[in-house]
Amino acid sequence: MVTNTSGKKKTAVARATIREGEGRVRIDSQPVELVDPELAQLKMLEPFRIAEDDLRGEVDVEVSVEGGGVMGQADAARTAIARGLVEHTNDAELRDAYMEFDRSLLVNDVRQSESKKWGGPGARARYQKSYR
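In this text the structure is predicted, and so the values were computed from the model without any measurement. (Residues numbered from 1 in each chain as written. Predicted model: local features only at pLDDT ≥ 70, side-chain atom pairs only at ≥ 80, totals over all residues. Heavy atoms only, no water.)

1. Structural notes on the overall build of the protein
The number of helices and strands found in the protein is three helices and five strands. For a compact globule of 132 residues, the expected C-alpha radius of gyration is about 14 Å, and the protein comes in at 18 Å, more than 25% above that figure. Taken over the C-alpha atoms alone, the protein extends approximately 70 × 30 × 20 Å along its principal axes. Burial statistics for the protein: of 132 residues in total, 38% are counted as buried. Taking all contacts inside the protein whose residues are at least 6 apart in sequence as the whole, residues at least 24 apart take part in 67%. Approximately 8500 Å² of the protein is accessible, and the part contributed by carbon and sulfur atoms is 49%. (Helix = DSSP H or I, 4+ residues; strand = E, 2+ residues; numbered from the N terminus. Rg over C-alpha atoms; globule rule 2.2 N^0.38 Å. Buried < 20%, exposed > 50% of the residue type's maximum accessible area, 1.4 Å probe, protein only. Contact = heavy atoms within 4.5 Å. Areas by Shrake-Rupley, 256 points an atom, 1.4 Å probe, with all protein chains shown as cover.)

2. Describing the sheet that holds strand β4 (residues 30-31)
Spatially, five strands are ordered β1-β2-β5-β3-β4 in an open sheet, and the strand pairing comes out mixed. The open sheet has two free edges, formed respectively by β1 (3-9) and β4, since each of these has just one partner strand. For β1 and strand β2 (residues 12-20), the ladder comprises seven bridges, and the chain directions are antiparallel. Residue pairing across strands places N4 opposite T17, the latter belonging to β2. (Pairing = 2+ DSSP bridges.)

3. What about the packing of helix α1 (residues 38-51) against helix α2 (residues 70-89)?
Their axes nearest at 8 Å, the elements α1 and α2 cross at an angle of 15°. Considering their axes alone, α1 and α2 lie roughly parallel with respect to each other. For the element pair α1 and α2, the recorded crossing hand is right-handed. Contacts between α1 and α2 involve L39, A40, K43, M44, E46, P47 and F48 from the former and V70, M71, A74, D75, A77, R78, I81, A82 and L85 from the latter. Residues that form the contact of α1 with α2 fall into these classes: 12 nonpolar, no polar and four charged. (Axes fitted to C-alpha atoms, helices over the stretch in contact; angles between N-to-C directions. Parallel < 35°, antiparallel > 145°, perpendicular 65-115°, else oblique. Left-handed = near helix turned anticlockwise from the far one by under 90°. Nonpolar A, V, L, I, M, F, W, Y, C, P; charged D, E, K, R; others polar.)

4. As for α1
Spanning 14 residues, α1 covers 20 Å between terminal C-alpha atoms, matching the ideal 20 Å at 1.5 Å per step. Of all the bends in α1, the greatest reaches close to 45° and is centred on L45; the proline P47 follows between one and four positions later. Every buried residue belonging to α1 is among A40, Q41, M44, L45, E46, P47, F48, I50 and A51, and all of these are buried. Close packing links the buried residues of α1 with β3 (25-27), β5 (59-66), α2 and α3 (92-101). (Expected span 1.5 Å × (residues − 1). Bend = angle between axes of the 7 residues up to and from the residue.)

5. Focus: a negative patch on the surface
Together, E52, D53, D54, E58, D91, E93, D96 and E100 make up a negatively charged patch on the protein surface. Position of D91 relative to the elements: it lies in the loop between α2 and α3. The class of D91 is partly exposed, set by a relative accessible area of 32%. (Patch = residues over 30% accessible without salt bridge, like charges linked within 9 Å, V, L, I, M, F, W, Y side chains within 5 Å. Salt bridge = Lys/Arg side-chain N within 4 Å of Asp/Glu carboxyl O. Lys, Arg positive; Asp, Glu negative; His and termini not counted. Charge placed at Lys NZ, Arg CZ, Asp CG, Glu CD.)

6. Examining the packing of aromatic side chains
Following the criterion strictly, the structure yields zero aromatic pairs and no others. Lying across the ring of F48, R56 places its NZ or CZ 5.8 Å from the centre. (Phe/Tyr/Trp six-rings, centres within 6.5 Å; stacked < 30°, edge-to-face > 60°. Lys NZ or Arg CZ within 6 Å of the ring centre and 35° of its normal.)

7. Examining the pairing of β5
Working note: regular strand, side chains alternate between the two faces of the sheet. Sheet analysis places β2 next to β5, joined by eight bridges and oriented antiparallel. Looking at the pairing, R15 lines up with S64 of β5. One ladder, built from three bridges, connects β3 with β5; its direction is parallel. Paired with R26 across the two strands is E62, which belongs to β5.

Here you go:
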């Protein structure tokens, strides 16, 4: 059985394909062990650590990520992988474990950065006012 899922964070979008296999996890057709920085790698593998049992050895995961920065992509991939594992195993206990640990494992983070406006250097900050 093949399961396709997606995850989003800021402007990053990850699409994951999960099928029966021997534990290969590939991010943009590159083994997850080669992902840099290591913090992003740990974030992407979080769903397997929470699942505990030898779930990783039973499935192959392929993730393609586009947009955003390094950590945004890591968060998007993490959501896509977690959703895929829940859908693939059809396990309510696993879903509850993910929800208890961190809701963003299964639910996209919809927050976006606010766009810059005129009259200031950013979205809310204004240029400094001079009186003399």
